[in-house]
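# Structural features, examined
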Amino acid sequence: MKKILLALSLLISGTLSYGQSCCEEATAACHETKDQAKGLAPDPMQLMASTKEFQAMHVEPLPFTFVSKAGGEMIKMDAPDGKAANGFFIKAKNPSNKYLLVYQEWWGLNDYVKQEAEKYYNELDGKVNVLALDMYDGNVATTREDAGKYMSQAKPERLESIMKAGINYGGPKAEFASIGWCFGGMLSLKSALLEGSQAVGCVMYYGRPEQDIDKLKALKTDVIGFFGKKDKGIPPTVVEQFEKNMKMAGKKIEVKMYDADHAFANPSNPIYDEAATKDAFQHSSEYLKKKLL
């Protein structure tokens with residue numbers, strides 16, 4: 001009964017959503033409590049990943065194979081927890097301390113994400129190191145069920161360790177901007193917080209934002225975010241509250257809201273919105289050029 005009451009309180013407060021059954025809510029709440037005792041709790045977006053409603057918002061990606069033309073390759077990095085982290089790395093043409101950290105959708109570090117990483121590498125004229133981090137340690141989902149499992153069961157401590165591995169790979173003199181979609185949109189903001197004074201930019205595509213004002217006060221960069229008015233996972237009300245919280249934290253944020261649904265920028269998604277994607281890519285590219293070039 002205590003677990004169910006805890007789950008209901010989380011639902012009322014907005015931590016959980018989508019009409020999960022009491023059993024699902026209790027399980028998620030119980031897992032959160034255990035992780036909190038360890039020091040880190042799953043993000044609410046992770047808790048949503050196991051629900052059928054959230055999974056139904058994502059159509060399984062079409063088969064796609066990407067071959068890098070810019071010399072991108074998979075690398076291994078030392079992570080603070082002692083377990084090696086993986087990433088898809090495209091090295092700048094000339095030595096540079098500028099880095100763009102790329103964060104995957106909930107599917108994992110698949111070829112679509114690698115393609116996006118190389119698109120931004122080319123937009124930045126090959127002058128910036130681009131590193132797409134593998135947040136699932138080699139697991140890549142092709143079904144919604146697997147994606148939901150990988151995302152919801154990812155340990156917050158491990159996710160943070162992987163992000164720190166990427167930051168440490170750049171080194172103490174590096175300047176970082178980050179970008180991510182869906183799950184990666186959430187991670188992009190978390191990455192900016194971890195980067196501290198080395199953060200120079202943060203791009204979020206329809207990821208659930210951090211709403212703790214005290215945490216947002218620690219941001220050393222502004223944020224640009226792209227969201228959809230039809231998104232039921234990250235609805236406009238959540239985005240509006242994020243804008244208010246950023247203002248209260250004394251931070252700058254620019255939001256582009258499109259008449260589109262969740263994952264509108266994914267070309268393998270039937271609800272892909274070409275016009276919104278083109279506009280968002282243009283704005284994100286201009287933003288990153290100002291921050292990194």
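## Re the nonpolar core
Counting residues in each nonpolar core, the largest one holds 73 residues, and the members touching the most others are Leu 100, Trp 106 and Tyr 205. Here this core gets six residues from one element, more than from any other, and that element is helix α11 (residues 274-292). Here Trp 106 is in contact with Ala 49, Phe 54, Gln 55, His 58, Tyr 136, Arg 144, Ala 147, Gly 148, Met 151, Cys 182 and Phe 183, once residues within four sequence places are set aside. Grouped together as the second largest cluster of nonpolar side chains are ten residues, Leu 189, Met 204, Leu 216 and Phe 242 included.

## Brief notes about the pairing of strand β6 (residues 199-205)
Buried residues dominate β6, accounting for seven of its seven residues. Pairing between strand β5 (residues 175-181) and β6: six bridges, direction parallel. Across the sheet, residue Gly 180 finds its bridge partner in β6, namely Met 204. On the question of chirality, the crossover connecting β5 to the parallel β6 by way of helix α8 (residues 183-195) is right-handed. Judged from the three bridges that link them, β6 and strand β7 (residues 223-228) form a sheet pairing that is parallel. Following the sheet pairing, Tyr 205 is matched in β7 by Phe 226.

## What about the packing of helix α7 (residues 156-170) against α8?
Where α7 contacts α8, the axes come no closer than 10 Å and their chain directions differ by 60 degrees. As summarised for this structure, α7 and α8 are arranged oblique, according to the angle between their axes. In the packing of α7 onto α8, the handedness of the crossing is right-handed. Where α7 abuts α8, its residues Leu 159, Glu 160, Met 163, Lys 164 and Ile 167 lie against Phe 183, Leu 187, Lys 190, Ser 191, Leu 194 and Glu 195. Among the residues forming the contact of α7 with α8, the class breakdown is six nonpolar, one polar and four charged.

## Concerning the pairing of strand β3 (residues 98-103)
Where burial is concerned, most of β3 is hidden: five out of the six residues are buried. Two elements, β3 and β5, share six bridges in a ladder whose sense is parallel. Residue pairing across strands places Leu 100 opposite Ala 177, the latter belonging to β5. Since β3 and strand β4 (residues 129-134) lie parallel, the crossover through helix α5 (residues 111-123) that links them has a hand, and here it is right-handed.

## A word on the packing of aromatic side chains
Counted by the stated rule, this structure contains 14 aromatic pairs. The cationic tip of Lys 119 hangs over the ring face of Phe 281; the distance from NZ or CZ to the ring centre is 4.6 Å.

## Examining the confidence of the model for the protein chain
Scored by pLDDT, the protein chain comes out at a mean of 88, with 87% of its residues at no less than 70. Scored below 50 in pLDDT, residues 1-37 shows 48 contacts in the model against residues more than four places distant or in partner chains.

What counts, and at which threshold
Along every chain, residues carry numbers that run from 1 in the direction the sequence is written. Predicted model: local features are reported for residues with pLDDT of at least 70 only, side-chain atom pairs are reported and counted for 80 or more only, and whole-chain, interface and lining totals are derived from all residues. Side-chain measures here rest on the full set of heavy atoms in the structure, leaving out hydrogens and waters. Think of a nonpolar core as a cluster: buried Ala, Val, Leu, Ile, Met, Phe, Trp, Tyr and Cys residues, connected wherever their side-chain atoms sit within 4.5 Å. With a 1.4 Å probe rolled over the protein chains alone, any residue whose accessible area is under 20% of its type maximum counts as buried; one over 50% counts as exposed, and the rest are partly exposed. Numbered from the N terminus, helices here are DSSP runs of H or I no shorter than four residues, and strands are runs of E no shorter than two. Throughout, a contact is declared for two residues whenever any of their heavy atoms are within 4.5 Å. One bridge is not enough; two strands pair if DSSP finds at least two bridges between them. The handedness of a crossover follows from its direction of travel: if, with the strands pointing away from the viewer, the path from the first strand over the helix to the second runs clockwise, the crossover is right-handed. Helix axes are fitted to C-alpha atoms over the stretch in contact, other axes to C-alpha atoms as well, and angles between N-to-C directions run from 0 to 180 degrees. In these notes the angle categories are as follows: under 35 degrees is roughly parallel, over 145 is roughly antiparallel, 65 to 115 is roughly perpendicular, and the rest is oblique. We call a crossing left-handed when the near helix sits turned anticlockwise from the far one by less than a right angle, and right-handed when that turn is clockwise. For this classification, the nonpolar set comprises Ala, Val, Leu, Ile, Met, Phe, Trp, Tyr, Cys and Pro, the charged set comprises Asp, Glu, Lys and Arg, and every other residue, Gly included, is treated as polar. Classification of ring pairs rests on two measures: the distance between centres of Phe, Tyr or Trp rings, Trp counted by its six-membered ring, which must be within 6.5 Å, and the angle between planes, read as stacked under 30 degrees, edge-to-face over 60 and tilted in between. As a reminder, the over-ring test applies to NZ of lysine and CZ of arginine, requiring each to be within 6 Å of the ring centre and within 35 degrees of the ring normal. You can read pLDDT as the predictor saying how much it trusts each residue, on a scale of 0 to 100.

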